[in-house]
Amino acid sequence: MGRQDAASQLPDCASARMMSAAASKYGGDPFPSVSDAQMRGVQVAVPDLTGKTPEEAKSVLTSLGFDTADGPQQDSVAPAGTVSGTDPAAGKRG
């Protein structure tokens, strides 16, 4: 499979059109295939952090590669001073 053939296998986007044009002009060896994880990154589920201290929650999230930000205080059934939820919600992939 040549570069032009490989470029035609990519989604219809600007980069695919640019690669196809470059392959037409310059030729060369085929591009290696790219896995879905390489294209989109590894998707990690948000853990349930309800009831943890903000420090514990931040530690868990940063160890999984997430960025953290403190949200505003809110009414909750969780004990005062603990995490009442996350955005995105637990179980979502981020």
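In this convention, every chain numbers its residues from 1, walking through the sequence in written order. For this predicted model, a pLDDT threshold of at least 70 governs which residues receive local features, and a threshold of 80 or more governs which side-chain atom pairs are given and counted, while totals over whole chains, interfaces and linings are taken from all residues. Side-chain numbers come from the whole structure's heavy atoms, not from hydrogens or water.

1. Describing the overall build of the protein
And step 1. Secondary structure assignment for the protein yields four helices and zero strands.
And step 2. Sequence-ordered secondary structure for the protein, helices as α and strands as β, is α-α-α-α.
And step 3. Here the protein holds 94 residues, and the buried ones make up 12% of them.
And step 4. The contact rule is simple, with two residues in contact once any of their heavy atoms fall within 4.5 Å. A separation threshold of at least 6 residues defines the contact pool for the protein, and within that pool the share at least 24 residues apart is 58%.
And step 5. The Shrake-Rupley method, run with a 1.4 Å probe sphere, supplies the accessible areas, and residue values consider only the shown protein chains as cover. Element-wise, carbon and sulfur atoms account for 52% of the exposed surface of the protein, whose accessible area totals about 7300 Å². A run of H or I in DSSP counts as a helix once it spans at least four residues, and a run of E counts as a strand once it spans at least two, with each numbered from the N terminus. Burial classes follow relative accessibility: with a 1.4 Å probe on protein chains only, a residue under 20% of its type's maximum area counts as buried, one over 50% as exposed, and anything between as partly exposed.

2. Structural notes on the layout of surface pockets
Gaps left between atoms are located by rolling a probe of water-molecule size over the structure's atoms.
And step 1. Here a cavity denotes a set of grid points, spaced 1 Å apart and computed over the protein atoms alone, in which a 1.4 Å probe fits but from which it cannot get out, and a pocket denotes an open set meeting protein on both sides within 12 Å along at least five of seven lines; residues with an atom within 4 Å of a point are reported as lining. Grid points are joined across faces, edges and corners, and a volume is the space filled by probe spheres set on the points. Within this model, the largest pocket holds a volume of roughly 830 Å³.
And step 2. Around the largest pocket sit 28 residues that line it, and Ala69, Gly71, Val83, Ser84 and Gly85 are the ones nearest its centre.
And step 3. Gly is put with the polar residues, along with every residue not named as nonpolar or charged; the nonpolar set is Ala, Val, Leu, Ile, Met, Phe, Trp, Tyr, Cys and Pro, and the charged set is Asp, Glu, Lys and Arg. Its residues assigned to classes, the lining of the largest pocket comprises 13 nonpolar, 11 polar and four charged.

3. As for the environment of glutamate 55
And step 1. Residue placement: glutamate 55 occurs in helix 4 (residues 54-63).
And step 2. With 27 residues separating them in the primary sequence, glutamate 55 and threonine 82 have C-alpha atoms 9.3 Å apart.

4. Section: helix 2 (residues 14-26)
And step 1. Over its 13 residues, helix 2 extends 18 Å from the first C-alpha to the last, a length consistent with the 18 Å expected when each residue adds 1.5 Å.
And step 2. Once helix 2 finishes, glycine 27 follows within two positions and takes phi at roughly 65°, a positive value. Given the number of residues in a helix, its expected span is that number minus one, multiplied by 1.5 Å.

5. Some thoughts on the nonpolar core
Soluble, globular proteins show a tendency: their nonpolar side chains are buried together.
And step 1. Membership of the largest hydrophobic core is limited to six residues, which are Val46, Leu49, Ala57, Leu61, Phe66 and Val83.
And step 2. For alanine 57, the contacting residues outside a window of four places in its chain are Leu49, Lys52 and Val83. Nonpolar cores were defined as sets of buried Ala, Val, Leu, Ile, Met, Phe, Trp, Tyr and Cys residues, with membership established by side-chain atoms within 4.5 Å.

6. Thoughts on the environment of alanine 80
And step 1. On the secondary structure map, alanine 80 appears in the segment after helix 4.
And step 2. Residues alanine 80 and glycine 51, spaced 29 residues apart in sequence, show a C-alpha to C-alpha distance of 9.0 Å.

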